[in-house]
Number of protein chains: 2
Amino acid sequence: MGPKRCAVASDETLMRIFTVPEAPDSTLSKIELEISNNLVGFLNENIAAIEKPLHEVEKDFQSAAIPEQPMFVSDYAQDIMEQLVAHSVHTASPSFIGHMTSALPHFVLPLSKLMVGLNQNLVKIETSKAFTPLERQVLGMMHHLAYGADESFYGKWMHSAKTSLGAFCSGGTVANITALWIARNRLLQPQGDFKGINSQGLVAAMMHYGYKGLAVLVSERGHYSLGKAADVLGIGRDNFIAIKTSDDNKVDVQAMREKALELEAQGIKVMALVGVAGTTETGNIDPLSDMADLAQELNCHFHVDAAWGGATLLSANARPLLAGIERADSITIDAHKQMYVPMGAGMVLFKDPHATDAIEHHAEYILRKGSKDLGSHTLEGSRPGMAMLVHACLRVIGRQGYEMLIDKGIAKAKYFAELIKQEEDFELVSEPELCLLTYRYVPKAIKQAIANANEDEKIDIYAALNRFTASMQKRQREAGRSFVSRTRLTPVQYDNQPTVVFRVVLANPLTSEAMLKEILDEQKQLAKTDPIFKKYLAKYI
Amino acid sequence: MGPKRCAVASDETLMRIFTVPEAPDSTLSKIELEISNNLVGFLNENIAAIEKPLHEVEKDFQSAAIPEQPMFVSDYAQDIMEQLVAHSVHTASPSFIGHMTSALPHFVLPLSKLMVGLNQNLVKIETSKAFTPLERQVLGMMHHLAYGADESFYGKWMHSAKTSLGAFCSGGTVANITALWIARNRLLQPQGDFKGINSQGLVAAMMHYGYKGLAVLVSERGHYSLGKAADVLGIGRDNFIAIKTSDDNKVDVQAMREKALELEAQGIKVMALVGVAGTTETGNIDPLSDMADLAQELNCHFHVDAAWGGATLLSANARPLLAGIERADSITIDAHKQMYVPMGAGMVLFKDPHATDAIEHHAEYILRKGSKDLGSHTLEGSRPGMAMLVHACLRVIGRQGYEMLIDKGIAKAKYFAELIKQEEDFELVSEPELCLLTYRYVPKAIKQAIANANEDEKIDIYAALNRFTASMQKRQREAGRSFVSRTRLTPVQYDNQPTVVFRVVLANPLTSEAMLKEILDEQKQLAKTDPIFKKYLAKYI
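Where an unreviewed UniProt entry is consulted, chain A appears under the name Glutamate decarboxylase, with the organism given as Pseudoalteromonas phenolica. If you open the UniProt record of chain A and go to Cofactor (unreviewed entry), you find "pyridoxal 5'-phosphate".

Here you go:
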């Protein structure tokens, strides 16, 4: 960090920061030029490869006092390159395959700058104008992708002032909350003297309808945001019921049916079933058609959380995996996951354009009745124009471009699964259905030890393997060359015991087969020097 | 729009969009260069001055089919310049004084691009690393600004894995929902056999605690997002009780006390009081100290919605207006309003670092207990690194810089109020307390007609004035030179009848006194040709 120059708050300084852009040779301009010319190179060069411990990083972010005096932009830019950028995460790196975040198409960077410069607020037409029809079109395109209604449907509803085919939001969590908010409010709608849950609240609603409780049923692999939705909406996490999955990590619909009937016999109304299309941990897709049948039987809302997997619909080859999604009442899709849009582009789609009636709201100064303001049907209020970036990706990449990207990701995951299976010291834990798989490193000798172990020894080995896997994952991340994530599953081959596994998501188009080989090679090397292995597992060999 | 060139989805095309930036002479690069060199000029030149009707704009956003083939970036850029940018809203224009959105400091544009390029996800350390301590520092700085705890407090809590001093979110609505979610869950916390509302839900909670209902009390000028929060949280809009304001648009605390005692006598628990620090419609600040006293009496949560007005705390001169805010349990502040940060930077602050315990959640693969992941205490999940832009503004502008901006805005509003008062054909409806005021155009002759009118005539004139004001506002916006917004109040001088008024927010540092004069002059001219005036008001002169 260079010596600090003294800046002073004055009329002139302030006017300058609102009007005069940086000179081309300023630090910030140089950074921007590097990003424009070669984002991948910029990230490779400026994000430190070797991990610095968090408590070290925190040292640069200690003061709670807002500085009194202004600071020169160039000095600030230098500071954040050293203190922030160097210690951020290289989410776009093709060898960082542990996240759902991937590389970005280069054109989204200048478009983001345009979006920020325009600084529209999508809550209302008055502060967004053409951005509102654009967002409505993007929602229409995604609705069409999922539900495939005919042209006259979109002609009638896409730009209708009364309804909305979906809602843009910051991400999948708000999308899931919005979907279940609608499900709850439609179930507990006005009837006779009862003015509806939105007016009178949950307690009055339950008394009116005579339900003893509400429940939502979802696979045990459902995303944690669903539990959060149950909390926020007043339903309670205990009433958000996890149903076991089969060995393929898909929900057991028969078990779900039994549970639902048991609850309804107790006077507890099943408010919604949630299907998962691409679980966060294993990437599997629930049997959506069977779930749609069950939802119909129960006369309840059917929501599909396709935050990650929804982009699969863009591939004609892979979309049959999601068959039944078109029967969902609502669908969550995050464009910032497999649609290669930057962070902050969630969506929820509604089959019925009138679904949003249940959450409609107005105000005196905006969102007046009859306006086309999007804010009258969203959980959020003020929002940026992220829809522009989704629009850009849909048009520039095109459906066929997306199809190639999706298909390649799945093919790469199948290739990696084969690679793992061929290695006697690795073990594939979950087969890839989409581009996500889990595995672990279990040397052949340990596999044999498990086969010969008694129950007590097995428990010890399982525990040791979990600690070993976590240790390997952490050491690989810290070494900085590559990154796989980890999670905990309960696979049948480990007697349904909690099992720590490596998890990889292969959506980055820049990840090559050679890199995948290198990642396995690196893990083999790491295993040789792993302290946990030496301490707890070496003795079994 | 130029002739469309044919692009084809191929491996090469796809790899290029992830790796090869645009050539410097491409359309998109040229746009970006213009933005960098002169954002204000770019917006002035490219946003069409004369308004195009929405149904015309919509024509370019009709197809619900996702295009099959890719498109060249340059072609796309040309399309959106003509179809989107030209018909967006010039929120940064110094003569567009109807919004809470203002001009942006130029350095946030390149920083936004850096933020998007880094594509961090703030839900967890694993995908954000140094961005997490940075965000915690920004929350600490804002907490310090509002609550001014001592250094040891921040040393202990700012980077604590167990707690959070606040939550970043997309905007004030999510901030308000988060605050009231916490208030609800703390009130209905675990006790004895009862596991808490978060686990067992609202109905079980009410049965356990024996409350007949819950209520939240707020000024009739409270933001509409509070009603939305009441709906989402299961409390019901009817239990979100609007308390009348005095003539100065500040809530009548005595009326609030009476209502609260009446509710509690009926067995309805007052869950929270909400104070407004800068109402959306008039910019006034509730008597926060008196409300804090009342909240203490009632032993309930005290939330302050300072989404717009919170930035006033940055001015030592103006902050006494918000006295008592330091006694609030939670505070909402939007950095994208008076802190000059681009759209999408909301915050909620918690006085007690343990407040977030009531909404804490964990998952297997992230947000593990003991981690410093911010996502375990937020309503949203995946989120972008907007905190960086707030951090940059706080450091580059500095507290003293902000003080000058805040003070200037208030001074400008007082100047404009004087200007209006000097004009016999205008009428100031609400005095500016911060930089927001409301007024209307009421020719002297009409003022006299009202003074002499009987009750029936008065009703007619009031109705005509409302339609006339709305017509003027719409015509001024459509003319494209300037923009004031409008809202509806119930001022005493109009016998508390619904009264449509012009509303201006004077936070843009580039708005000059000369521009304000021009806006009044333009309105005088518009009045002369207004069809509503001719039809319904001319006869009274």
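Undergrad: Account for the pattern of salt bridges, with residues named and values stated.
TA: Proximity of charged atoms lets side chains of opposite charge pair with each other. Taken as a whole and assessed by the stated rule, the structure comprises 61 salt bridges over all chains. Between Asp352 of chain A and Arg186 of chain A there is a salt bridge, and its shortest N-O distance comes to 2.8 Å. Highlighted residues: Asp352 of chain A in the loop between strand E7 (346–350) and helix H14 (387–422) and Arg186 of chain A in helix H9 (residues 172–187), separated in sequence by 166 residues. Assessed through its relative accessible area of 29%, Asp352 of chain A is described here as partly exposed. Classification of Arg186 of chain A as partly exposed rests on a relative accessible area of 29%. When the shortest N-O distance is used, the salt bridge between Glu431 of chain A and Lys421 of chain A registers 2.7 Å. Separated by 10 residues along the polypeptide, Glu431 of chain A in the loop between strand E8 (426–430) and strand E9 (436–441) and Lys421 of chain A in helix H14 bring together distant segments of the chain. Exposure remark for Lys421 of chain A: the relative accessible area of 43% places this residue in the partly exposed category. What emerges from the salt-bridge pattern is a single network uniting Glu32 and Lys113 of chain A together with Glu32 and Lys113 of chain B.

Undergrad: Explain the UniProt feature "modified residue: N6-(pyridoxal phosphate)lysine" (unreviewed entry) in chain A to me, using residue names and the numbers behind them.
TA: Sequence positions flagged by UniProt for "modified residue: N6-(pyridoxal phosphate)lysine" (unreviewed entry) are, in local numbering, Lys337 of chain A. When you line up the elements, Lys337 of chain A lands in the loop between strand E6 (330–334) and E7. For Lys337 of chain A, a relative accessible area of 15% corresponds to the buried category. Not counting residues up to four positions away in its chain, the partners in contact with Lys337 of chain A are Met100, Ala307 and Trp308 of chain A together with Ser382 of chain B.

Undergrad: Run through the sheet that holds strand E7 (residues 346–350) of chain B, naming residues and quoting values.
TA: Residue and element names in this part refer to chain B. The strand order across the open sheet built from seven strands is E1-E7-E6-E5-E4-E2-E3, with neighbouring strands paired in mixed fashion. A single partner strand is all that each edge strand has here, and the edge strands are strand E1 (166–169) and strand E3 (240–243). Across the sheet, the axes of successive neighbouring strands diverge by a mean angle of 20°, strand direction being ignored. Where strand E2 (residues 213–219) lies against E3, four bridges are found, and the strand directions are parallel. Bridge pairing in E3 links Val216 to Phe240. Against the sheet, helix H7 (residues 131–147) engages E1, strand E6 (330–334) and E7, with an angle of about 60° to E7. In this fold helix H14 (residues 288–298) packs onto strand E4 (268–276) and strand E5 (301–305), with an angle of close to 165° to the strand it touches most, E4.

Undergrad: Describe the packing of H14 of chain A against helix H5 (residues 73–83) of chain B, and please don't skip the residues or the numbers.
TA: Across the interface, H14 of chain A lies against H5 of chain B with an axial gap of 10 Å and an inter-helix angle of 140°. Taken together, the axis directions place H14 of chain A and H5 of chain B in an arrangement best described as oblique. Here H14 of chain A runs over H5 of chain B; the crossing is right-handed. Facing Met388, His391, Ala392, Arg395 and Val396 of chain A of H14 of chain A, the residues of H5 of chain B in contact are Val73, Tyr76, Asp79, Ile80 and Gln83 of chain B. Residues that form the contact of H14 of chain A with H5 of chain B fall into these classes: six nonpolar, two polar and two charged.

Undergrad: An account of the sheet that holds strand E11 (residues 499–505) of chain B is requested, with residue identities and associated values reported.
TA: All names here are of chain B. Spatial ordering of the open sheet is given by E8-E9-E11-E10, a layout of four strands whose pairing is antiparallel. Every other strand in the sheet has two partners, leaving strand E8 (426–430) and strand E10 (485–489) as the edge strands with one partner each. Taking the axes of each pair of neighbouring strands and ignoring which way they run, one obtains an average angle of 45° across the sheet. Bridging between E8 and strand E9 (residues 436–441) involves four bridges; their strand directions are antiparallel. Note on E9: the bridge partner recorded for Phe426 is Tyr441. Against the sheet, helix H18 (residues 513–528) touches E8, E9 and E11, its axis set at about 30° to E9.

Undergrad: Outline the nonpolar core, listing residues and values.
TA: Within the largest apolar cluster, 286 residues are counted, with the highest numbers of intra-cluster contacts made by Phe107, Leu273 and Tyr439 of chain A together with Phe107, Leu273 and Tyr439 of chain B. Leu187, Val218 and Met271 of chain A together with Leu202 of chain B belong to the second largest nonpolar core, which has 75 residues in total.

Undergrad: Could you give an account of the relation of the copies chain A and chain B, naming the residues involved and the relevant values?
TA: Under the fitted operation, chain A is carried onto chain B by 0.0 Å of movement along the axis and a turn of 180°, and the coordinates agree to an RMSD of 0.0 Å. In the structure described here, the two chain copies are related by an operation that fits a two-fold rotation axis. Rotation axis and chain A: the residue whose C-alpha lies nearest the axis is Leu233 of chain A, separated from it by 2.5 Å. When you check the interface residues of chain A against chain B, 100% turn up at the interface there too, and the contact is symmetric in its surfaces.

Conventions adopted
As a convention, each chain's residues are numbered from 1 in the sequence order in which they are written. To label them, take the chains in the order written and letter them from A, then take the ligands in the order written and number them from 1. It should be noted that, the model being predicted, local features are given only for residues of pLDDT at least 70 and side-chain atom pairs only at 80 or more, the latter also being counted only at that level, while totals for whole chains, interfaces and linings use all residues. Water and hydrogen atoms were dropped before computing side-chain values, which therefore reflect all heavy atoms in the structure. UniProt positions are given in the numbering used here, feature names are shortened, and annotations may be inferred rather than shown by experiment. Whenever Lys or Arg places a side-chain nitrogen within 4 Å of a carboxyl oxygen from Asp or Glu, that contact is recorded as a salt bridge. Working definition: helices are DSSP H or I runs of at least four residues, strands are E runs of at least two. Numbering for both runs from the N terminus. Throughout this description, buried means an accessible area under 20% of the type-specific maximum (1.4 Å probe, protein chains only), exposed means over 50%, and partly exposed covers the range between. Whether two residues are in contact is decided by their heavy atoms, any of which lying within 4.5 Å being enough. Two strands form a pair only when DSSP identifies at least two bridges running between them. For helices, the fitted axis covers only the stretch in contact; all axes are lines through C-alpha atoms, and the angles between them, taken along N-to-C directions, range from 0 to 180 degrees. By the definition adopted for this analysis, an angle is roughly parallel if under 35 degrees, roughly antiparallel if over 145, roughly perpendicular if from 65 to 115, and oblique otherwise. Note: crossing handedness is left-handed where the near helix turns anticlockwise from the far helix by less than a right angle, and right-handed where it turns clockwise. Side-chain classes follow a simple rule in which Ala, Val, Leu, Ile, Met, Phe, Trp, Tyr, Cys and Pro form the nonpolar group, Asp, Glu, Lys and Arg form the charged group, and the remainder, Gly included, forms the polar group. What makes a nonpolar core is a set of buried Ala, Val, Leu, Ile, Met, Phe, Trp, Tyr and Cys residues whose side-chain atoms join them at distances within 4.5 Å. Residues reaching a pLDDT of at least 70 in both copies supply the C-alpha atoms on which the copies are superposed by least squares.

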